[in-house]
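Architecture at a glance
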Amino acid sequence: MLYELLPRPTKGEDGKPLLYVRPAVGFKYTMRSVDDFCNKYRGMSSGDISRLFESFLDVATWLMRDGSRVETSIGSFAPKLRLDGDYTDPAQIKSKNVHFAGIEFIPSKRFEKTLEDKITHGYRRKEEVIERHPLTDPAEIEAALEKCLHRGYTTAKRFALITGWKYVTAKRYLDGLCASESPRLRRHKEGTAYHYVPVSPPKTK
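Residues numbered from 1 in each chain as written. Predicted model: local features only at pLDDT ≥ 70, side-chain atom pairs only at ≥ 80, totals over all residues. Heavy atoms only, no water.

For any pair of aromatic rings, the description rests on two quantities: the centre-to-centre distance and the angle between the ring planes. On inspection of all chains with the given rule, the structure shows 6 aromatic pairs. Measuring from ring centre to ring centre gives 5.5 Å for Phe159 and Trp165, while their planes differ by 85°; the resulting arrangement is edge-to-face. Across the pair, exposure class does not vary: Phe159 and Trp165 are buried alike. The structure contains a cluster of three or more aromatic residues connected by ring pairs, namely Phe56, Phe77 and Phe105. In this structure, Arg187 is placed above the aromatic ring of Tyr194, and the distance from its NZ or CZ to the ring centre is 4.0 Å. (Phe/Tyr/Trp six-rings, centres within 6.5 Å; stacked < 30°, edge-to-face > 60°. Buried < 20%, exposed > 50% of the residue type's maximum accessible area, 1.4 Å probe, protein only. Lys NZ or Arg CZ within 6 Å of the ring centre and 35° of its normal.)

Spelled out as structure tokens, the structure:
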């Protein structure tokens, strides 16, 4: 598993920020990708996983609507609540002051242990990007784009990281490559992010 080290707000005895670690791979598997994997390698019919999750979403939210927790083999789910302000006196809080605040997920020990057992090759530190100045040279920008596309696609967030640009600047640049008369990229939405994919070169007769 590829990992990266990032600074925390607090500092150590040497005056430098304490570090924390997180996975560095930004690849996301869509529901369709998981479905295809289960179809090819787990003997499941195409669409089984998608239908299962759709059913679970419907049933679990129906069961949780009164505040109940739903326990599964991968963990438990429960609604979270929040107040619309700061209170110290319970008598001041009315029903209108309570709001839905999302879903709490607590992974099961089995889920955690199964994942831990599958990380059989240990951990590898991500190569640090030394140059943090925004790229301006066209050749360097082109090289950064090629590097981002080595997995077959990129996102504006990843391109911004490699070029040192702001997210808005990186997205505008990639969108421009999609909108030209001879577009180099095409984009499609995956979850909340756009994936930019190279356009196949036209076939020559």
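With that out of the way, let us pick up the pattern of salt bridges. Enumeration over the complete set of coordinates arrives at 8 salt bridges. The partner of Lys113 in a salt bridge is Asp117, and the shortest N-O contact between them spans 2.9 Å. Of the two residues, Lys113 and Asp117 both sit in helix H3 (residues 109–118), 4 residues apart, roughly one turn of that helix. For Lys113, a relative accessible area of 44% puts it in the partly exposed group. A single network of salt bridges, built from pairs that share partners, joins Glu142, Glu146 and Arg184. (Salt bridge = Lys/Arg side-chain N within 4 Å of Asp/Glu carboxyl O. Helix = DSSP H or I, 4+ residues; strand = E, 2+ residues; numbered from the N terminus.)

The next point concerns the sheet that holds strand E1 (residues 2–11). The strand order across the open sheet built from 3 strands is E2-E1-E6, with neighbouring strands paired in mixed fashion. Two strands bound the open sheet, and with one partner strand each, they are strand E2 (17–23) and strand E6 (124–125). Bridge count for E1 against E6 is 2 bridges, and the pairing is parallel. Its bridge partner being in E6, Leu2 is matched across the sheet by Arg124. (Pairing = 2+ DSSP bridges.)

Packed helices, taken two at a time, are described by the angle their axes make and the gap between the axes. Contact geometry for helix H4 (residues 138–148) and helix H5 (residues 156–163): axes closest at 10 Å, N-to-C directions at 135°. In terms of orientation, H4 and H5 fall into the oblique class. Two packed elements cross with a definite hand, and for H4 against H5 that hand is right-handed. Residues Ile141, Ala144, Leu145, Lys147 and Cys148 of H4 pack against Arg158, Phe159, Ile162 and Thr163 of H5. Residue composition of the contact of H4 with H5, by class: 6 nonpolar, 1 polar and 2 charged. (Axes fitted to C-alpha atoms, helices over the stretch in contact; angles between N-to-C directions. Parallel < 35°, antiparallel > 145°, perpendicular 65-115°, else oblique. Left-handed = near helix turned anticlockwise from the far one by under 90°. Contact = heavy atoms within 4.5 Å. Nonpolar A, V, L, I, M, F, W, Y, C, P; charged D, E, K, R; others polar.)

Below, the discussion takes up helix H6 (residues 167–179). Taking 1.5 Å per residue, 13 residues should reach 18 Å; H6 reaches 18 Å between its end C-alpha atoms and fits that length. Within H6 the residues assigned to the buried category are Ala170, Leu174 and Leu177. Axial view of H6: buried residues confined to an arc of 50°, hence all on one face. Every exposed residue of H6 that faces more than 90 degrees away from the buried side is listed here: Val168, Arg172 and Ala179. Against the buried residues of H6 lie H4, H5, strand E7 (185–190) and strand E8 (193–198). (Expected span 1.5 Å × (residues − 1). Arc of directions from axis to C-beta.)

On to the pairing of E7, then. Inspection of the sheet shows E7 paired to E8 by 6 bridges, in the antiparallel sense. Looking at the pairing, His188 lines up with His195 of E8. Linkage of E7 to E8, two consecutive antiparallel strands, is achieved through a turn of 2 residues, within which Gly191 is found at a positive phi near 70°.

For the rest of this paragraph, the subject is the sheet that holds strand E5 (residues 98–107). Note: strands within a sheet are paired through backbone hydrogen bonds, in either parallel or antiparallel orientation. In spatial order, the strands read E3-E4-E5; together these 3 strands make up an open sheet with antiparallel pairing. Edge positions in the open sheet fall to strand E3 (70–71) and E5, since each of these has one partner strand only. Alignment of strand E4 (residues 75–83) against E5, held across 8 bridges, turns out to be antiparallel. Counterpart to Phe77 in the pairing with E5 is Phe105.

What follows is about a nonpolar patch on the surface. On the surface, a nonpolar cluster with roughly 660 Å² of combined accessible area is contributed by Val25, Phe27, Tyr29, Met31, Val34, Leu52 and Phe53. Counting residues per element, the ones that place at least two in the nonpolar patch are helix H1 (31–41) and helix H2 (48–64). Position of Tyr29 relative to the elements: it lies in the loop between E2 and H1. Owing to a relative accessible area of 64%, Tyr29 belongs among the exposed residues under this scheme. (Patch = residues over 30% accessible without salt bridge, like charges linked within 9 Å, V, L, I, M, F, W, Y side chains within 5 Å. Areas by Shrake-Rupley, 256 points an atom, 1.4 Å probe, with all protein chains shown as cover.)

By themselves, these are just geometric observations and shouldn't be taken as functional.
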